[in-house]
Amino acid sequence: MIRRTLTIAAFLMAFGAAHAGVLPDDRTDVLYHLYDGGGVEIDGPSVLVRKKVGKSLSFVGNYYVDMVSSASIDVITTASPYTEERKQWSLGMDYLRGNTTMSVNYTVSEESDFDGETVSFSVSQDMFGDLTTLTLSYALGDDLVRRSDDPTFEQPLDRQIYGVGLTQILTKNLISSLNVETVTEEGYLNNPYRSVRYFDAGSALGYSFEPELYPNTRTSNAVGVRMRYFLPYRAAVEGEYRFFTDTWDVEGHTASISYIHPWRDFTFTGKLRYHDQTGAHFYRDVFSRSQATNFRGRDKELSPLTSYTFKLQAAYEFLSDDGNDTWGFIKRAKVTASLNMLSVDYHDFSDLSVGEVLGSEPLYQLDANVIQVFFSFFY
Amino acid sequence: MNGKLLIAARILLPLLVVGTLSGCGGIEPWVKPYERDKLADPIMALDGDPVSTAYIQHVFEAREGARGGEGAAGGGCGCN
């Protein structure tokens, strides 16, 4: 059940690099990713191939795998550790005509208990002497949620994503972007395996569990602003802020600052990211009784939390596009390694794994390392 | 209060869009193409590694309740 979060990320990959007046570079990326934290280990490859055909068409394909081994706090509290695999394929096309780029992308995702399909479209237009790029995008997702322990269980989930992006050159050293994104979902939104807990005087620990029950609609709005500035020496600094709000009363503020420093054939990047959010209106760490409210959830991602991320990245360009040396049709190549250290403080989610009685459990805290190593070839 | 803001936005936004677009012909690019060498440097690319960006967005969306609006928007440096 790693699933639907990737749809929006795939949406970003489909259109994130869209440039209106020019097609994206031909490239192949081969990436290995590893997430390790909170009893969960997820790793796998991601391969992207992009190639122009003629002067106005570019095709892109991506294959992505998550191999999951989970003994997370949710799993060890109310279920058994498990392993699973998730695969995703996507195919897209960009068509350039004048200053306009039109893109279409199709993504399929498969898990043992989840299937997802997404079709997305976008149009980008360069304006004002190519200082401004406006992008309008739309995606339609059609998912199916199942249960691994109940073959008769099958529930649909539909999703629509509307996006408006504006990239603006402000000065000869400063570029900025503004993104507005609305996501509407309707269908089975809760996790079929997760439980909430409620006071139960008859239980040894003082509480018992029952299945969670979410509303079947959710609409969210996000507005993000980025600015990247070329420093007086050859280096760049970037600031980003995102405000998020949704109909479940989750409100989030995310801010980050990055520094990018090239040195010889290397490029080093450091980034600090901060995220703070309120909890969903139906979230409780413990409910007063069984079926206490119409909707109920105990998903730690929907609880009030603060997260901090520190990123270090180094890229080495081992083949430069200087005309001196090429590997056949490959003009440029680089290898990149990055480490994201993620730390999440949950303000209202108790750690039940310690087995303490109700009221004396400590709050849960998560530390995770996210490693990526990837080769990029440009041709 | 929110209702008044919404009404004002509904009136002002189309006026702003129409006003902006009607002025398109008269806007001179204030950063000339020959002044965009720094913006064309790879270190100024808003999304130089789309596979890596999509992956880390996925991680944040899985670990936090918020989604969307982060990362790169469409658009380049206008250097082509």
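In this report, we go over the structure that sits alongside the text. (Residues numbered from 1 in each chain as written. Chains lettered and ligands numbered in written order. Predicted model: local features only at pLDDT ≥ 70, side-chain atom pairs only at ≥ 80, totals over all residues.)

What to know about the overall build of chain B
Then, number 1: A count of helical and extended segments in chain B gives three helices and zero strands.
Then, number 2: Listed N to C, the secondary structure of chain B is α-α-α in terms of helices and strands.
Then, number 3: Going through the 80 residues of chain B one by one, you find that 45% of them count as buried. (Helix = DSSP H or I, 4+ residues; strand = E, 2+ residues; numbered from the N terminus. Buried ≥ 20, exposed ≤ 12 C-beta atoms within 10 Å, placed from the backbone.)

What about the environment of arginine 289 of chain A?
Residue and element names in this part refer to chain A.
Then, number 1: Among the secondary structure elements, arginine 289 is positioned in the loop between β15 (266–277) and β16 (305–319).
Then, number 2: A C-alpha to C-alpha distance of 32 Å links arginine 289 and histidine 275, two positions 14 residues apart in sequence.
Then, number 3: Beyond its immediate stretch of four places on either side in the chain, arginine 289 contacts Tyr198 and Phe199. (Contact = placed C-beta atoms within 7 Å.)

Comments concerning the nonpolar core
Then, number 1: If you look at the biggest cluster of nonpolar residues, it comprises 22 residues, and the most contacted ones within it are Tyr35 and Val370 of chain A together with Val51, Tyr55 and Val59 of chain B.
Then, number 2: Looking at this core, the elements that each hand over two or more residues are β1 (27–37), β2 (40–53), β17 (332–350) and β18 (363–378) of chain A together with α3 (50–63) of chain B.
Then, number 3: Counting ten residues, the second-largest nonpolar core is a separate cluster that includes Phe230 and Ile260 of chain A together with Val31 and Met44 of chain B. (Core = buried A, V, L, I, M, F, W, Y, C linked by C-beta atoms within 7 Å.)

Observations concerning the environment of histidine 253 of chain A
Residue and element names in this part refer to chain A.
Then, number 1: Here histidine 253 is to be found in strand β14 (residues 251–263).
Then, number 2: Between the C-alpha atom of histidine 253 and that of aspartate 276, which follows or precedes it by 23 residues, the distance is 5.4 Å.
Then, number 3: Beyond its immediate stretch of four places on either side in the chain, histidine 253 contacts Phe243 and Asp276.

Description of α3 of chain B
Then, number 1: Across its 14 residues, α3 of chain B extends 20 Å between first and last C-alpha, which sits within 8% of the 20 Å expected from 1.5 Å per residue.
Then, number 2: Of all 14 residues making up α3 of chain B, 13 are buried, and the element is well covered by its neighbours. (Expected span 1.5 Å × (residues − 1).)

Quick look at the pairing of strand β3 (residues 57–70) of chain A
Residues and elements named next belong to chain A.
Then, number 1: Judged from the twelve bridges that link them, β2 and β3 form a sheet pairing that is antiparallel. Looking at β3, one finds that arginine 50 is bridged to valine 60.
Then, number 2: Connecting the antiparallel pair β2 and β3 is a turn made up of three residues, with glycine 54 showing a positive phi of about 75°.
Then, number 3: Taken together, the 14 bridges between β3 and strand β4 (residues 82–97) define a ladder with antiparallel strand orientation. What sits directly across from valine 60, in β4, is glycine 92. (Pairing = 2+ DSSP bridges.)

What about the environment of glutamate 111 of chain A?
Residues and elements named next belong to chain A.
Then, number 1: Looking at the secondary structure, you find glutamate 111 in strand β5 (residues 100–111).
Then, number 2: On the basis of neighbour counts, which here come to 20 C-beta atoms within 10 Å, the residue glutamate 111 falls in the buried class.
Then, number 3: The spatial distance from the C-alpha of glutamate 111 to the C-alpha of glutamate 85 is 6.3 Å, given a sequence separation of 26 residues.

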